[in-house]
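Structural description and commentary
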Amino acid sequence: MNTYLVIKTLHIISATLMVGTGFGSAFYLFWANRSGSVAAQFVVSKWVIKADWWFTTPAVIFQPLSGLWMLHQLGMPFSWDGAWLWVKWTLALYVLAGACWLPVVLLQIKMAKTAMLAHQSCADKLPESYRKQQFWWELLGYPAFCATVVLYFLMVLKPM
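Residues numbered from 1 in each chain as written. Predicted model: local features only at pLDDT ≥ 70, side-chain atom pairs only at ≥ 80, totals over all residues. Heavy atoms only, no water.

1. Considering the overall build of the protein
Counting its secondary structure elements, the protein contains four helices and zero strands. Ordered by position from N to C terminus, the α and β elements of the protein give α-α-α-α. Its C-alpha atoms put the protein at 60 × 35 × 20 Å along the principal axes. Within the span of the protein, comprising 160 residues, buried residues form 36% of the whole. The contacts in the protein between residues at least 6 apart in sequence include a share of 76% that link residues at least 24 apart. As displayed, the protein has an accessible area near 9,600 Å², and 76% of this comes from carbon and sulfur atoms. Put simply, the protein has 11 plus and 5 minus side-chain charges, and the middle of one group is 5 Å from the middle of the other. (Helix = DSSP H or I, 4+ residues; strand = E, 2+ residues; numbered from the N terminus. Buried < 20%, exposed > 50% of the residue type's maximum accessible area, 1.4 Å probe, protein only. Contact = heavy atoms within 4.5 Å. Areas by Shrake-Rupley, 256 points an atom, 1.4 Å probe, with all protein chains shown as cover. Lys, Arg positive; Asp, Glu negative; His and termini not counted. Charge placed at Lys NZ, Arg CZ, Asp CG, Glu CD.)

See the structure below:
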């Protein structure tokens, strides 16, 4: 069996998990937040955090490792000057997405705690602090998602 093709397949699967889990969980939390249901916001925010830990985090770690390994196997020099332009864009967009994603994870944890407390106290709506966290969660999510979409194109097209 060809090790390169196995790693490439795992790279594609992990990219799918990273983007798919991120987009899917964001979709559900986005709409749970608009439902006005504290119970829904509590349940969905709790599962979004679990999805990030179980699927997104391992994929986020595996992506650059497997990508750099494959580039090495293709004879790609590891100096920044020797890197192809699409590799530079890929790394820059990955850093951008990560810079947005890390605060999003912290916001999700705060949102889940806030929703849990509101749910436990039988509140009929969440406090204003949740709305502020939700605003920043969404604001940071848009550039992260857009960056990962462009990353997909760069990963597939590899324009040199």
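2. Some points on unusual backbone geometry
Phi angles above zero are rare outside glycine, and C122 is one such case at about 60°. Residue C122 is classed as exposed on the basis of its relative accessible area of 70%.

3. Quick word on the pattern of salt bridges
Pairing is possible between side chains of opposite charge, provided their charged atoms come close. For the coordinates displayed, the defined rule picks out one salt bridge. Among the ionic pairs, R34 bridges to E138, the shortest N-O distance being 2.8 Å. One end of the pair, R34, is in helix α1 (residues 3-35); the other, E138, is in helix α4 (residues 128-157), with 104 residues separating them in the sequence. We classify E138 as buried; its relative accessible area is 12%. (Salt bridge = Lys/Arg side-chain N within 4 Å of Asp/Glu carboxyl O.)

4. Observations regarding helix α2 (residues 38-73)
Between the first and last C-alpha of α2 there are 50 Å, a value that for 36 residues agrees with the 52 Å anticipated at 1.5 Å per step. Along α2, the largest kink reaches about 40° and is centred on D52. Immediately downstream of α2, the backbone of G75 shows phi near 85°, a positive value. (Expected span 1.5 Å × (residues − 1). Bend = angle between axes of the 7 residues up to and from the residue.)

5. Some words on the nonpolar core
Here is a general trend for soluble globular proteins: nonpolar side chains tend to be buried in one another's company. If you look at the biggest cluster of nonpolar residues, it comprises 12 residues: L29, V38, F42, V48, V104, L107, M111, A115, A118, L126, Y130 and W137. Secondary structure elements with two or more residues in this core: α2, α3 (85-120) and α4. Leave out the neighbours within four places in its chain, and M111 touches L29, N33, S45, Y130, Q133, Q134 and W137. Counting residues in each nonpolar core, the second largest holds 10 residues, with M76, V87, A147 and L154 among its members. (Core = buried A, V, L, I, M, F, W, Y, C linked by side-chain atoms within 4.5 Å.)

Purely geometric numbers; function is a separate question.
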